[in-house]
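Report on the structure
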Amino acid sequence: MKIFNTLSGQKEEFIPQQDNEVKMYVCGVTVYDVCHFGHALCYVSFDVIRRYLEYKGYKVNYVQNFTDIDDKIINRANERGIPWQDLVEKYIAEYFTDMDALNIKRATLYPRATGEIPGIIEVVRTLLDKGHAYQSGGSVYFRVKSFPGYGKLTHQNVDDMRVTATTEAEKKEDPLDFALWKAVKPGEPSWPSPWGDGRPGWHIECTAMSTGHLGNSLDIHGGGQDLIFPHHENETAQSECYTGVVPFVRTWMHNGFLQLGADKMSKSLGNLVTVKQALERNSADAIRLFIISSYYRMPLRYSLEALDAAEVGIDRMRTALKAGGKPGAAVLDAEPFKARFSEAMDDDFNAPQAVAALFDLVREINRSSEKGLDVGKAQQMLKELAAVIGFTLEETNRLSVEEEMEIETLISQRNEHRQAREWKLADEIRDQLAKMGIAIEDSPTGTIWKIAR
RNA sequence: GGCGGCGUAGCCAAGUGGUUAAGGCGGGGGUCUGCAAAACCCCUAUACAGCGGUUCGACUCCGCUCGCCGCCUCCA
């Protein structure tokens, strides 16, 4: 299979270092607020990638970090007058609630920055020993110019970069240098280190975690496009200088960014759509379909219209699963659809095309069902392939057993009236069900019901 | 100033140097059905921002122009 590598700017044949094991690291969130739609976009994208790799038979060792100490966390905790640890715990819990609701498979491991302090200190110490870092004012900085490969991920020349002055600039040898270890400031949480009390810089945790938990060379490292620079560029620099192993990452993958069209959604405007809000309107399957209908590397414009269109589309898939077939009749062969699906996914996870194959399978199932073929195996296949890209195709049915029994009873009563050609009575029951929010569909193989949209 | 992305039907969105430019949603017509719903069938881009160039041939390669956006500062 082929994967687009940000480093080379091309699709490359993907070959893990160790047989069928994939070492995969995806940058996680800074836990100071609830997740928004952009997070959903990123993590659904990588969930699809991870699931497909597993479907292909790879054992995926998937590590995703939590940045649980940084300025935003400290400020937010201070604003609320609560310990930063409480804030962090709250939003980690929220993160899992949201991601679980989106049917995103849990990573193998979720290390936290503050849980990796010894490893971080070891990385910084080594970088100092090798001359790639220096101490200044209680902090430790990475010496960018000491790494000749700096800029290779972003395809930029160091000298062409616009340098913005920072408050720390005076203490750095070069404005491009970045903090590995930040000296403690009054009233802020800190950890002891050989260079004095302080806390880790932004990029260093990823180096410590990825090399510590996955080794010196990762098969896949992913994240949002906004992280390419400076985060991933810096991470590459410090990691390769630390381990001496090149490349630190064999395949860099970045998902396209969420765009908001006219209604600009931004943190500063405070009009972010949270994952929770999205889930109030649309099902997890629909949100996922909306996201993967567009290629993961392309920008995605947030659109309620498209989201609702996805809801209708996903409903079509669910309905196909209910189509009646004739066991024992000729069997619908779904293998060609599976082949198309895999071929699409093998080409840099082209989910839009894979989804197209699924919709064609849906049509074929419905068509064959009407012709009286046995579609059981094909439905099985649809469900299996849908699951590969993370669709459950389950209806969110919060009805109790009693309610379901009542519905079934009403439906059988109505069918008795239909048998007796008492249309008026039958229609009254249908209206009654509609008022209960239940839609029914008659078919030659019986009457089915579902929650009305 | 540097780096990068995007511009395909009413909307969302794939894709290819050359017979019919995926799929979804929406719309129109039909079949089926007591009706409804669902499903199925047919139709809905002589055309892929614009202008040049390369080529026997480009929407697909190259250049330029216009428009939109991201990154270079915290951000998935």
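Let me begin by describing the structure that accompanies this report. This one's a predicted model, so the numbers in the text were calculated from it and none came from an experiment. (Residues numbered from 1 in each chain as written. Chains lettered and ligands numbered in written order. Predicted model: local features only at pLDDT ≥ 70, side-chain atom pairs only at ≥ 80, totals over all residues. Heavy atoms only, no water.)

Attention now moves to the overall build of chain A. The number of helices and strands found in chain A is 14 helices and 14 strands. Each of the three principal axes of chain A carries a C-alpha extent, and together these read 90 × 50 × 40 Å. The buried share of chain A, taken over its 453 residues, is 51%. Expressed as a percentage of contacts within chain A between residues at least 6 apart in sequence, the contacts between residues at least 24 apart total 75%. (Helix = DSSP H or I, 4+ residues; strand = E, 2+ residues; numbered from the N terminus. Buried < 20%, exposed > 50% of the residue type's maximum accessible area, 1.4 Å probe, protein only. Contact = heavy atoms within 4.5 Å.)

Glancing now at the protein's contact with RNA strand B. Taken together, 55 residues lie near RNA strand B, and K72, W202, L227, R367 and R430 sit nearest. In RNA strand B, atoms within 4 Å of the protein come 67% from sugar and phosphate. R430 has a polar side-chain atom sitting 2.4 Å from a base oxygen of RNA strand B. Mapped onto the surface near RNA strand B, the elements with two or more residues apiece are α1 (37-55), β9 (218-224), β11 (258-259), α9 (304-322), α11 (351-371), α13 (401-419), α14 (423-435) and β13 (438-443). Here the surface near RNA strand B is built from residues that sort into 19 nonpolar, 19 polar and 17 charged. (Near = heavy atom within 4 Å. Polar contact = N/O pair within 3.5 Å; in protein donor to acceptor, adjacent residues only side chain to side chain. Nonpolar A, V, L, I, M, F, W, Y, C, P; charged D, E, K, R; others polar.)

To continue, consider the pattern of salt bridges. Within the structure shown, the criterion is met by 35 salt bridges. Between D47 and R51 there is a salt bridge, with its nearest N and O atoms 2.8 Å apart. Residue D47 and its partner R51 are both found in helix α1; the two are separated by four residues, about one turn of the helix. Assigned by exposure class, D47 and R51 land together as buried. We note a salt bridge from R281 to D308, for which the minimum N-O separation is 2.6 Å. In this pair, R281 is assigned in helix α7 (residues 275-281) and D308 in helix α9, connecting sequence segments 27 residues apart. (Salt bridge = Lys/Arg side-chain N within 4 Å of Asp/Glu carboxyl O.)

Attention shifts here to the sheet that holds strand β4 (residues 59-64). Reading across from one edge, β4-β3-β9-β10 is the order of the four strands in this open sheet, with parallel pairing throughout. Pairing within the sheet leaves two strands with one partner each, and these edge strands are β4 and β10 (249-255). Taking each pair of neighbouring strands and ignoring which way they run, the sheet shows an average axis angle of 20 degrees. Of the strand pairs in this sheet, strand β3 (residues 21-26) and β4 are connected by six bridges, and their pairing is parallel. Following the sheet pairing, M24 is matched in β4 by Y62. Contacting β3, β4, β9 and β10, α1 crosses the sheet at an angle of about 175 degrees to β3. (Pairing = 2+ DSSP bridges. Axes fitted to C-alpha atoms, helices over the stretch in contact; angles between N-to-C directions.)

Right, let's get into helix α3 (residues 84-101). The end-to-end C-alpha separation of α3 is 26 Å, in line with the 26 Å expected for 18 residues at 1.5 Å each. Within α3 the residues assigned to the buried category are W84, L87, V88, Y91, I92, E94, Y95, F96, D98 and M99. Among the structural elements, α1, β4, α2 (71-80) and α7 are those in contact with the buried residues of α3. Phi turns positive one or two residues past the end of α3, at N103, with a value near 60 degrees. (Expected span 1.5 Å × (residues − 1).)

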